[in-house]
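The chain contents come next:
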There are 2 protein chains.
Amino acid sequence: MWLGSTAQHAVRAVLYITEHGIDAPVRVDDIAAALDAPRNYLSKTLHQLVRAGVLRSVRGPNGGFQLADAPDALSVARIVAPFLPSQQTRCLMGRPTCGGANPCAAHHRWQHVADGVIAFFEETTAAQLLADNRTPRAAARVVRKKPRPVSRRPATKRPATKRPATKRPAAKRP
Amino acid sequence: MWLGSTAQHAVRAVLYITEHGIDAPVRVDDIAAALDAPRNYLSKTLHQLVRAGVLRSVRGPNGGFQLADAPDALSVARIVAPFLPSQQTRCLMGRPTCGGANPCAAHHRWQHVADGVIAFFEETTAAQLLADNRTPRAAARVVRKKPRPVSRRPATKRPATKRPATKRPAAKRP
DNA sequence: AGCTAAGATCATGACGATATGATAAATATT
DNA sequence: AATATTTATCATATCGTCATGATCTTAGCT
């Protein structure tokens, strides 16, 4: 609902990378297998996230994708933005002039609802979703509380995480 | 936002019909001109609303479209339903199994937001939107109140409104 | 240098949404 | 019955999304 399948793949892929990419990049093949998503199309999608500054990619052997920032500084809005239709109006009717002096018929009633949706996208972080996913029991409760604004600490450059030649469990087909 | 242009045309057209179709059907040409929407495509769209039971159509001279029910018994949801993508899941990720025992990562946080949107569509009526449109000043206030559930009175069959041969101001090109 | 494991990219196509223009069908008026 | 008016429908076109499969490029390893 309200997210195209590409954006849905993007969110789920980012969550997967957040969970499994702590010390080594995650391969597209692994993500595609885990999400049951088309491999090449997912590759393209992830690359768009690289261009958007959400992910970093490493080519060649032992390559893959990692988060560019800390998961609690990554809002769903940033993940989803590259895959939203370009003409983004907040007007239900799509009226370009809607607002302020010239509201469309639905403007005032819709505004509240739309604000809620925008807030969800802006304030929900990858870290929160992952935490919810790990403890579904607790998630049903946490959601009752007023959401805190997204952590704005400046993108904690992690110290390059030069991973020590982690021999992964070898390729699937040796 | 979140409504395709067809659905947007549908809502605006219904509002126009609600306003101008009190005692006589409204012609597609008039609606198309008022909305600046493509004439034939709008015709098709309106016909879909006829099939959905939202409008009634009258063919031939003095024909056009009228509401099938009273405006305060017509929710936005009913207007928009025929133009929504068929696979309607409330899950942000589109997971078919999302919910209850097997929630997706975003389920609990998203549910509240989605509920708000659903409620907007279900509880907002054509009559309300039209009233808001006529008094934009007051609309900014009314929206603060808790919305009342949609009036459910049983579709007031109006007594056929056989209009007395209303000569309309003639065609555009005589 | 050559092999191999990865991401990056390209050509192609299916599909639905959004139209456009022409034509068919219905009906009120004369 | 003929005509004019109005909706209903059909054939076709365009565009963006969502892919698929093949090929190119990068970089670690020996």
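Coordinates for the structure precede this section.
Everything numeric in this text was worked out from a predicted model, so none of it was measured. (Residues numbered from 1 in each chain as written. Chains lettered and ligands numbered in written order. Predicted model: local features only at pLDDT ≥ 70, side-chain atom pairs only at ≥ 80, totals over all residues. Heavy atoms only, no water.)

A word on the overall build of chain A
At step 1: Each helix and strand counted, chain A has 7 helices and 2 strands in total.
At step 2: Tracing chain A from N to C terminus, the helices and strands come up as α-α-α-β-β-α-α-α-α.
At step 3: Expressed as a percentage of its 174 residues, the buried residues of chain A come to 42%.
At step 4: Counting only contacts in chain A whose residues sit at least 6 apart along the sequence, the fraction spanning at least 24 positions is 65%.
At step 5: Carbon and sulfur atoms make up 54% of the accessible area of chain A, which amounts to about 10200 Å² in all. (Helix = DSSP H or I, 4+ residues; strand = E, 2+ residues; numbered from the N terminus. Buried < 20%, exposed > 50% of the residue type's maximum accessible area, 1.4 Å probe, protein only. Contact = heavy atoms within 4.5 Å. Areas by Shrake-Rupley, 256 points an atom, 1.4 Å probe, with all protein chains shown as cover.)

Considering empty space enclosed by the protein
All names here are of chain A.
At step 1: This model, assessed by the stated rule, comprises 1 cavity of 30 Å³ or more.
At step 2: Roughly 40 Å³ of internal volume is contained in the largest cavity.
At step 3: Elements that contribute at least two residues to the lining of the largest cavity include exactly α6 (126–134) and α7 (136–142).
At step 4: Along the lines of polarity and charge, the residues of the lining of the largest cavity split into 5 nonpolar, 2 polar and 1 charged. (1 Å grid on protein atoms, 1.4 Å probe; cavity = no way out; pocket = protein on both sides within 12 Å on 5 of 7 lines; lining within 4 Å. Points joined across faces, edges and corners; volume = space filled by probe spheres on them. Nonpolar A, V, L, I, M, F, W, Y, C, P; charged D, E, K, R; others polar.)

Observations concerning helix α5 (residues 107–123) of chain B
At step 1: When the terminal C-alpha atoms of α5(B) are compared, their 23 Å separation across 17 residues agrees well with the 24 Å that a helix rising 1.5 Å per residue should span.
At step 2: Taken as a whole, α5(B) has its buried residues at His107(B), His108(B), Arg109(B), Trp110(B), Val113(B), Ala114(B), Val117(B), Phe120(B) and Phe121(B). (Expected span 1.5 Å × (residues − 1).)

Looking at the packing of helix α1 (residues 5–20) of chain A against helix α3 (residues 39–51) of chain A
All names here are of chain A.
At step 1: Closest axis-to-axis distance for the α1/α3 pair is 10 Å, and the angle between their directions is 75 degrees. One way to sum up the angle between α1 and α3 is to call them roughly perpendicular. Mapping the contact onto sequence places Thr6, His9, Ala10, Ala13, Val14 and Ile17 in α1 and Tyr41, Leu42, Thr45, Leu46 and Leu49 in α3.
At step 2: Partitioned by chemical class, the residues of the contact of α1 with α3 number 8 nonpolar, 3 polar and no charged. (Axes fitted to C-alpha atoms, helices over the stretch in contact; angles between N-to-C directions. Parallel < 35°, antiparallel > 145°, perpendicular 65-115°, else oblique.)

Points about the side chain of Asp132(A)
At step 1: When you line up the elements, Asp132(A) lands in helix α6.
At step 2: Side-chain polar atoms of Asp132(A) contact the side chain of Arg109(B), separated by 2.6 Å. (Polar contact = N/O pair within 3.5 Å; in protein donor to acceptor, adjacent residues only side chain to side chain.)

A few points about the nonpolar core
At step 1: Leu46(A) and Leu46(B) are the most contacted members of the largest nonpolar core, which totals 86 residues.
At step 2: Ignoring anything within four residues of it in the chain, the contact list for Leu46(B) reads Ala13(B), Ile17(B), Val28(B), Ile31(B), Leu55(B) and Phe65(B). (Core = buried A, V, L, I, M, F, W, Y, C linked by side-chain atoms within 4.5 Å.)

Structural notes on the protein's contact with DNA strand D
At step 1: Residues in contact with DNA strand D amount to 26 residues; listed here are only the nearest, Thr6(A), Pro38(A), Asn40(A), Arg39(B) and His47(B).
At step 2: When atoms of DNA strand D within 4 Å of the protein are split into backbone and base, the sugar-phosphate part holds 69%.
At step 3: The side chain of Ser5(A) places a nitrogen or oxygen atom 2.8 Å from a phosphate oxygen of DNA strand D.
At step 4: Within the side chain of Asn40(A), one N or O atom sits 2.6 Å away from a base nitrogen of DNA strand D. (Near = heavy atom within 4 Å.)

Focus: the environment of Gly100(B)
At step 1: Tracing the chain through its elements places Gly100(B) in the loop between α4 (76–80) and α5.
At step 2: Note: C-alpha distance between Gly100(B) and Ile17(B) (83 residues apart in sequence) is 42 Å.

Quick notes on the pattern of salt bridges
Residues and elements named next belong to chain A.
At step 1: Applying the stated criterion across every chain, the model contains 12 salt bridges over all chains.
At step 2: For the salt bridge of arginine 39 with aspartate 29, the shortest nitrogen-to-oxygen distance reads 3.0 Å. Of the two residues, arginine 39 is situated in helix α3 and aspartate 29 in helix α2 (residues 28–35); the sequence distance between them amounts to 10 residues.
At step 3: Take arginine 39: its relative accessible area is 38%, and that puts it in the partly exposed class.
At step 4: According to the relative accessible area criterion, aspartate 29 is partly exposed, its value standing at 39%.
At step 5: For arginine 78, the salt bridge goes to aspartate 69, with nearest N and O atoms at 3.4 Å. (Salt bridge = Lys/Arg side-chain N within 4 Å of Asp/Glu carboxyl O.)

Observations concerning the interface of chain A and chain B
At step 1: The partner chain B presents 41 residues to the 40 residues of chain A that form the contact.
At step 2: A buried area of about 3900 Å², summed over both sides, lies between chain A and chain B, and 70% of it is on carbon and sulfur atoms.
At step 3: Run the count over chain A and chain B and you get 2 salt bridges.
At step 4: Where Asp132(B) meets Arg109(A), a salt bridge forms, and the shortest distance between an N and an O atom there is 2.6 Å.
At step 5: Seen at the junction of chain A and chain B, the total is 2 residue pairs in polar contact (both at pLDDT 80 or more).
At step 6: Of all the secondary-structure elements, those providing two or more residues to the side of chain A that touches chain B are α1, α5 (107–123), α6 and α7 of chain A.
At step 7: Examining the composition of the side of chain A that touches chain B, we find that 11 residues originate from one element, α5(A), more than from any other.
At step 8: Split into classes, the residues belonging to the side of chain A that touches chain B amount to 25 nonpolar, 9 polar and 6 charged. (Buried area = accessible area lost by both parts, 1.4 Å probe.)

Considerations on the state of the cysteines
At step 1: Under the criterion given, the structure shown has 0 disulfides over all chains.
At step 2: Between Cys91(A), a cysteine without a disulfide, and Cys98(A), which holds the nearest cysteine sulfur, the sulfur-to-sulfur distance is 3.5 Å. (Disulfide = S-S within 2.5 Å.)

Digging into the packing of α5(A) against α5(B)
At step 1: Running from N to C, α5(A) and α5(B) cross one another at 165 degrees; their axes reach a closest spacing of 10 Å. Looking at the two axes, α5(A) sits roughly antiparallel to α5(B). Judged by the twist between their axes, the crossing of α5(A) over α5(B) is left-handed. For the pair α5(A) and α5(B), the contacting residues are Arg109(A), Trp110(A), Val113(A), Gly116(A), Val117(A), Phe120(A) and Phe121(A) in the first and Arg109(B), Trp110(B), Val113(B), Gly116(B), Val117(B), Phe120(B) and Phe121(B) in the second.
At step 2: The class makeup of the residues in the contact of α5(A) with α5(B) is 10 nonpolar, 2 polar and 2 charged. (Left-handed = near helix turned anticlockwise from the far one by under 90°.)

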